[in-house]
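# Summary of the model geometry
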Amino acid sequence: MVKNRQFIKPLAAIILAIICLLPLNACAAEASKTANSDSIYQQRTVHNPDGIGKFYMGREIAQVMGYQGASWLERPSRGMEEKSARLVNNLDLKPTDIVADIGAGTGYFSFRIAPLVPEGKVLAVDVQPEMINFIKLNKQEKNIANVEPVLGTIDNPNLPENSVDLVVMVDAYHEFAYPREMMQGIVKALKPRGRTVSIEYRGENPLIPIKGLHKMTQKQVKKEMAAVGLVWKETKDMLPQQHLMVFEKKSQI
């Protein structure tokens, strides 16, 4: 009995030590995550009223256009103003492509891409449940089966790893609250040599009647995409007001 007691005491001490260490490790991991986030982003009290006061790689992140602006996304004049058909036709789609439309909103572009990938599908990703509901309603009304709504979070697109051929972001990236984390999730979701297409209003042109924080320069887009390992391939300037920039995932990522 005495021998058993002598064996149990050291064993209990070891177990207690392990239990005590676990929370410390968890706290250390969380502290490390917070420290990394702090080093990536800067918060400023004095900032542009159209932004959220959070800066990433020298750029202030713009405020998100809420679901209340859904009617503006579906305005009848949009196709003519932005040459939407021209945009879609320059995505170099294959019939079997799996496309993720990030920041899909009402699905304006998702439903225009879907007919061009009849053997594939479009994952219409948005972080606002109300927008997801719009997509579901539009899907039913348009009777398009190969559009799948996906509710993402502000730092994760919620897409399976190595599952997507093409990611499309139309006037959305500049509003990502966590652009580094969101893009890391997008890169993971891309297949090797998969492409990301960023469409943003030209920040180089002050005459384009869009608020400054809702435009981006090519230089800034390239810098932010390079930070997550995406390689710039080309820029197509065939749209009236926007850059269409193509990036590729390195095969080893």
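Heads up: the structure comes first, above all this text.
Everything in this summary refers to the structure shown in the same document. (Residues numbered from 1 in each chain as written. Predicted model: local features only at pLDDT ≥ 70, side-chain atom pairs only at ≥ 80, totals over all residues. Heavy atoms only, no water.)

Attention now moves to the pairing of strand E5 (residues 121-126). Among the six residues in E5, five count as buried, and that is most of the element. The pairing of strand E4 (residues 98-102) with E5 spans five bridges and is parallel. Among the inter-strand pairings, Asp101 is bridged to a residue of E5, identified as Ala124. For E5 and strand E6 (residues 147-151), the ladder comprises five bridges, and the chain directions are parallel. Among the inter-strand pairings, Leu123 is bridged to a residue of E6, identified as Glu148. Taken together, E5, helix H6 (residues 129-142) and E6 form a β-α-β motif whose crossover is right-handed. (Buried < 20%, exposed > 50% of the residue type's maximum accessible area, 1.4 Å probe, protein only. Helix = DSSP H or I, 4+ residues; strand = E, 2+ residues; numbered from the N terminus. Pairing = 2+ DSSP bridges. Right-handed = clockwise from strand over helix to strand, strands pointing away.)

Moving on: the pattern of salt bridges. Overall, the coordinates contain ten salt bridges when judged by the stated rule. For the salt bridge of Asp92 with Lys236, the shortest nitrogen-to-oxygen distance reads 3.0 Å. Placement of the pair is Asp92 in the loop between helix H4 (84-89) and E4 and Lys236 in strand E10 (residues 230-236), with a sequence separation of 144 residues. A cluster of three or more residues bridged by salt bridges with shared partners is formed by Arg75, Arg78, Glu81 and Glu82. (Salt bridge = Lys/Arg side-chain N within 4 Å of Asp/Glu carboxyl O.)

Let us look at the environment of Met225. Its location among the elements puts Met225 in helix H8 (residues 218-226). A residue is classified by how much of its surface remains accessible, and Met225, at 0% relative accessible area, is buried. Met225 sits 22 residues away from Phe247 along the chain, and the two C-alpha atoms are 7.8 Å apart. Setting aside anything within four residues of it in sequence, one finds Met225 in contact with Tyr173, Met183, Leu230 and Phe247. (Contact = heavy atoms within 4.5 Å.)

With that settled, the discussion passes to a nonpolar patch on the surface. Together, Tyr67, Phe134 and Leu137 make up an exposed nonpolar region whose accessible area comes to about 270 Å². For Leu137, a relative accessible area of 53% corresponds to the exposed category. (Patch = residues over 30% accessible without salt bridge, like charges linked within 9 Å, V, L, I, M, F, W, Y side chains within 5 Å. Areas by Shrake-Rupley, 256 points an atom, 1.4 Å probe, with all protein chains shown as cover.)

For the rest of this paragraph, the subject is the side chain of Asp97. On the secondary structure map, Asp97 appears in the loop between H4 and E4. Arg195 provides the closest opposite charge to the buried, salt-bridge-free Asp97, at an N-O distance of 4.6 Å. Engagement of the side chain of Asp97 in a polar contact is seen with the backbone nitrogen of Lys94, the distance being 2.8 Å. Sequence-distant contacts of Asp97, defined by excluding residues within four places in its chain, comprise Asp92, Val117, Gly120, Lys121 and Asp165. (Lys, Arg positive; Asp, Glu negative; His and termini not counted. Polar contact = N/O pair within 3.5 Å; in protein donor to acceptor, adjacent residues only side chain to side chain.)

Let us now look at the environment of Met80. Counting through the fold element by element, Met80 comes out in helix H3 (residues 78-82). Along the chain, Met80 and Pro240 lie 160 residues apart, while their C-alpha atoms are 9.8 Å from each other.

What follows concerns the sheet that holds strand E1 (residues 41-43). A sheet is described by the order of its strands in space; here three strands give the open sequence E1-E2-E3, paired in antiparallel fashion. Two strands lie at the open edges of the sheet, namely E1 and strand E3 (59-62), each paired on one side alone. Going from strand to strand, the sheet's axes swing by 40° on average, the running direction of each strand aside. One ladder, built from three bridges, connects E1 with strand E2 (residues 51-56); its direction is antiparallel. The partner of Gln43 across the bridge, within E2, is Lys54. In the packing of helix H7 (residues 179-189) onto the sheet, the strands contacted are E1, E2 and E3, and the crossing angle to E1 comes to about 150°. (Axes fitted to C-alpha atoms, helices over the stretch in contact; angles between N-to-C directions.)

So, about the nonpolar core. Most often, soluble globular proteins have nonpolar side chains that are buried together. Within the largest apolar cluster, 30 residues are counted, with the highest numbers of intra-cluster contacts made by Ile102, Leu159 and Met183. The element contributing the most residues to this core is H7, with five residues. Listed in part, the 25 residues of the second largest apolar core include Ala124, Val147, Val168 and Val197. (Core = buried A, V, L, I, M, F, W, Y, C linked by side-chain atoms within 4.5 Å.)

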